[in-house]
Amino acid sequence: MFITDIRKEFYDVVVNQRVALLVSSEIDALCACKILQALFHCDQVQYTLVPVTGWQDLGTAFLEHKEQFRCFVLINCGANVDLLETLQPEEDSIFFICDTHRPVDVVNVYNDTQVKLMIKQDDDLGVPSYDDIFRDEEEEGGNDSGNESDGGSEPSGKRRRYDEGEVERRIERQRATREWEARRREILFDYEQYEYHGTSVSMHYILVMLKLAVCVCDTYIHVEIYVTDIATLQRHVSRHNHRNEDEDNSLSIDCMRISFEYDLRLALYQHWSLFESICNSSYTSCNFKLWSMHGQKKLQEFLADMGLPLKQVKQKFNSMDMSVKENLREVIEESSNKYGMKDIRIQTFGVHFGFKNHFLASDVVHATAALLESTEKDDSPGDNFIKALDCLSRSNLERLHGGIDLAKKKLMAIQQTVASCICTNLILSQGPFLYCYLLEGTPDVKLFSKPMALTLLCKYLLKAFVRSTRNKRCKLLPLIIAAPMDVEKRTVIVLGIPPESETSDKKNFFGRAFEKAAESTSSRTLHDHFDTSIIELKMEDRTKFLDALITLLS
């Protein structure tokens, strides 16, 4: 059931309860969790935080906490499956679900007792009507059982008489039932065949805080920026930042100030050198084709066109001469337009405090993602989740800087892997899709056993391939990438993404296709990720699984 009054139907219910927060281990959920924690701290709501990485984790977490808690808040998980069927809870358990995964399971939508959906209904959800997919048992059975019981009461010596009209009516009812079931299957297939994402859950909780009249200035930096919501955020940031310019209202330099900015589409450039940022940002790397000698030459020409000395460009941004940094953004934007990079400037938010602390929203996203999927130590996913959550606190700058350093290594590993795949022709056309398999000996292959890192690599790789290939048909194909996941268990992680497109329509059909291919070949797969387009597969079954996919999608 969709919640319409957030205060009455959600907050007033949980404020006097002990709450279990079950949070998906990814960036948007982490940001939403941080915002909800701030809200709970304001009203001293007791809660237990449990990070979950997949459906098995979610089931285990529920079993461990179902005796102590009645209210469960699920952040970025739970909406796209029949939750009651999956968890088998007691009747007094209530689940508040805020999830960006689409489509929302129809049973969750029409359950009005235990499942409460905190989902923006302005999104084009396209949920089928109740009558099209559910039917009362009495309606299904009709009067068949009643007629049989009447017939059973006749004396045994008499032959049962059938009214010809009744037989025809029964046949007609059965035919109508079969037609309804066929239509139901068709409706559900059309509704569930594509996976996509709705409004950011962190954005949703910011709006919750605004409705509850809680100051949210300090939470804006935690939001992973979504282009569709940037105008809404800009209005709220401007409203909270507005103050009369007099002595009574002046801010200390140590106060956090969040501002709407136009900045460059260069990853972490203010915490790196400009040269390394250009080389390791997907936008510039793909436009210059930096995996080729021609691309490297083009980059040198670009730097010369800007008039920036190599010595300045290759040192840390903070150490560059002030005379160079003063008009740097304008100089880069002007030269980028000459080289066809007209979208080098983006809208974003920045946070300032003290004399030297300045972070863009994208900087925090990169750092958080790197900490969440860190492979440098043998920490558990739960430990990595807590570290990533800590880096969102202003008081823990050391953790944030550590995350930024990890993010730099991750971006360099992705760039090197993309260059290697393009130069060695590892991307193969399989007919209805492109396919790439990372071999076990590939550098940094352990990093790509993580879903977010593999997704980032997959998107980067598809962009690079589209820029480098001359085959027009291949430019319109989706990409499947596979990488070793657990060498001992001999499993690989498989991920599919839709074709490269300039439109915002990024619906992914691989979730259903993976299920069908695994089912038809009896491949040993594990569909444990909240994103259905990510699965685990036994190495031995990889060939027959791919053959089935080719047949299915051809």
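Position numbers for residues start from 1 in each chain and track the written sequence from start to end. Since the coordinates come from a predicted model, pLDDT governs what is reported: local features require at least 70, and pairs of side-chain atoms require 80 or more to be given and counted, while whole-chain, interface and lining totals use all residues. Excluded from the side-chain calculation are hydrogens and water; included are all heavy atoms of the structure.

Draft legend 1. Geometry of the sheet that holds strand β10 (residues 357–360). The rule for pairing is simple: two strands pair if DSSP sees at least two bridges between them. Under the DSSP-based scheme used, a helix requires at least four consecutive residues in state H or I and a strand at least two consecutive residues in state E, with every element numbered from the N terminus. If you trace the three strands from one edge of the open sheet to the other, you get β8-β9-β10, paired in antiparallel fashion. If you trace the sheet from one side to the other, it starts and ends with β8 (257–264) and β10, each paired once. Neighbour to neighbour, the strand axes of the sheet diverge by 35° on average, direction disregarded. For β8 and strand β9 (residues 345–353), the ladder comprises eight bridges, and the chain directions are antiparallel. Within β9, the residue paired with Ile-258 across the bridge is Val-351. Any two residues whose heavy atoms approach within 4.5 Å at even a single point are treated as in contact. An axis is simply a line fitted to the C-alpha atoms; with a helix, the fit covers only the stretch in contact. Between two such axes, the angle follows the N-to-C directions and lies from 0 to 180 degrees. Relative to the sheet, helix α18 (residues 361–372) contacts β9 and β10, its axis offset from that of β10 by approximately 80°.

Draft legend 2. Spotlight on the environment of Ala-79. With respect to the helices and strands, the residue Ala-79 is situated in the loop between β3 (71–75) and α4 (83–87). Buried means the residue's accessible area, taken with a 1.4 Å probe over protein chains only, is under 20% of the maximum for its type, while exposed means over 50%, and partly exposed covers the values in between. Using a relative accessible area of 0% as the deciding quantity, one classes Ala-79 as buried.

Draft legend 3. Inspection of the side chain of Ser-200 at higher detail. In this structure, Ser-200 sits in the loop between β7 (196–197) and α10 (201–211). Among the polar contacts made by the side chain of Ser-200, one reaches the side chain of Ser-202 at a distance of 2.8 Å. Think of a polar contact as two N or O atoms within 3.5 Å of one another; within protein, one of them needs to be a possible hydrogen donor and the other a possible acceptor, and neighboring residues in sequence only count if both atoms come from side chains.

Draft legend 4. Region of the structure containing the confidence of the model for the protein chain. What pLDDT reports is the predictor's confidence in each residue, on a scale of 0 through 100. When pLDDT is averaged across the protein chain, the result is 86; 86% of the residues are at 70 or more. A low-confidence stretch, residues 145–159 (pLDDT under 50), is modelled with 10 contacts involving residues beyond four sequence positions or located in other chains. Within the model, the stretch residues 215–225 combines pLDDT values under 50 with 40 contacts to residues more than four positions away or in other chains.

Draft legend 5. View of the pairing of β9. Relative to β10, β9 runs antiparallel, the two sharing four bridges. Residue pairing for β10: Phe-353 is matched across the bridge by Asn-357. Two successive antiparallel strands, β9 and β10, enclose a turn made up of three residues, where Gly-354 displays a positive phi of approximately 70°.

Draft legend 6. Looking closely at the packing of aromatic side chains. Paired rings are identified among Phe, Tyr and Trp, the last through its six-membered ring, by centres lying within 6.5 Å, and are further divided according to the angle between planes into stacked (under 30 degrees), edge-to-face (over 60) and tilted (the rest). Taken as a whole and judged by the stated rule, the model has 21 aromatic pairs. Taking 4.8 Å as the distance between ring centres and 85° as the angle between the ring planes, the aromatic pair formed by Trp-55 and Phe-530 counts as edge-to-face. With Trp-55 in helix α3 (residues 55–65) and Phe-530 in the loop between β15 (525–526) and β16 (534–538), this residue pair connects regions lying 475 residues apart in the sequence. For Trp-55, a relative accessible area of 15% corresponds to the buried category.

Draft legend 7. Expanded view of the sheet that holds strand β12 (residues 434–437). Spatial strand order, β11-β12-β13-β14-β16-β15: six strands in an open sheet with mixed pairing. Edge positions in the open sheet fall to β11 (428–429) and β15, since each of these has one partner strand only. Of the strand pairs in this sheet, β11 and β12 are connected by two bridges, and their pairing is antiparallel. Bridged to Leu-428 within β12 is Tyr-435. Sitting on the sheet, helix α22 (residues 510–521) touches β13 (479–486), β14 (491–497), β15 and β16, and the angle it makes with β14 is about 140°. Sitting on the sheet, helix α23 (residues 542–553) is in contact with β12, β13, β14, β15 and β16, with an inclination near 130° to β16.

Draft legend 8. Looking closely at a negative patch on the surface. Together, Glu-67, Glu-90, Glu-91 and Asp-92 make up a negatively charged patch on the protein surface. Inspection of the secondary structure puts Glu-67 in the loop between α3 and β3. With relative accessibility at 66%, the residue Glu-67 sits in the exposed group. Residues qualify for a patch when their relative accessible area is over 30% and they have no salt bridge, like charges being joined within 9 Å and the nonpolar side chains of Val, Leu, Ile, Met, Phe, Trp and Tyr within 5 Å. With residues, only the protein chains shown are counted as cover, and all accessible areas are computed by Shrake-Rupley using a 1.4 Å probe. The rule for a salt bridge is simple: a side-chain nitrogen of Lys or Arg has to be within 4 Å of a carboxyl oxygen of Asp or Glu. We score Asp and Glu as negative and Lys and Arg as positive, and we do not count His or the chain ends. To locate a charge, take NZ of a lysine, CZ of an arginine, CG of an aspartate or CD of a glutamate.

Draft legend 9. Fine view of the nonpolar core. Buried residues of nine kinds, namely Ala, Val, Leu, Ile, Met, Phe, Trp, Tyr and Cys, make up a nonpolar core once their side-chain atoms join them within 4.5 Å. Within the largest apolar cluster, 59 residues are counted, with the highest numbers of intra-cluster contacts made by Phe-10, Leu-36, Val-73, Ile-75, Phe-96 and Tyr-205. Per-element tally for this core: the top contributor is helix α2 (residues 27–42), with 10 residues. When neighbours within four sequence positions are excluded, Phe-96 is seen to be in contact with Ile-3, Glu-9, Phe-10, Val-13, Val-14, Cys-71, Phe-72, Val-73, Leu-74, Lys-116 and Met-118. Core analysis: the next-biggest nonpolar cluster, separate from the first, contains 34 residues, Ala-413, Cys-421, Ile-422 and Ala-483 among them.

Draft legend 10. Up close: the pairing of β12. Burial along β12 is two-sided: the face carrying Leu-434 and Cys-436 and the face carrying Tyr-435 and Tyr-437 are both buried. Note: β12 against β13, four bridges, orientation parallel. Following the sheet pairing, Tyr-437 is matched in β13 by Ala-482. When the strands point away from the viewer, a crossover counts as right-handed if the route from the first strand across the helix to the second turns clockwise. For the crossover that starts at β12, traverses helix α21 (residues 451–468) and ends in the parallel β13, the hand is right-handed.

Draft legend 11. Molecular detail of helix α14 (residues 293–306). Working rule for helices: expected span equals 1.5 Å times residues minus one. Compared with the 20 Å implied by 1.5 Å per residue over 14 residues, the 20 Å span of α14 between its first and last C-alpha is a close match. Among the residues of α14, those classed as buried are Gly-295, Leu-299, Phe-302, Leu-303 and Met-306. Taken down its axis, α14 places every buried residue within 95° of arc, on the same side. For α14, the exposed residues lying more than 90 degrees away from the buried face are Met-293, His-294, Lys-297 and Ala-304. Turning to α14, the residues buried within the fold contact α12 (274–280), α13 (282–288), α15 (310–313) and α17 (328–338). Backbone geometry just downstream of α14 places Gly-307 in the positive-phi region, at approximately 75°. Directions pointing from the helix axis toward each C-beta atom define the arc.

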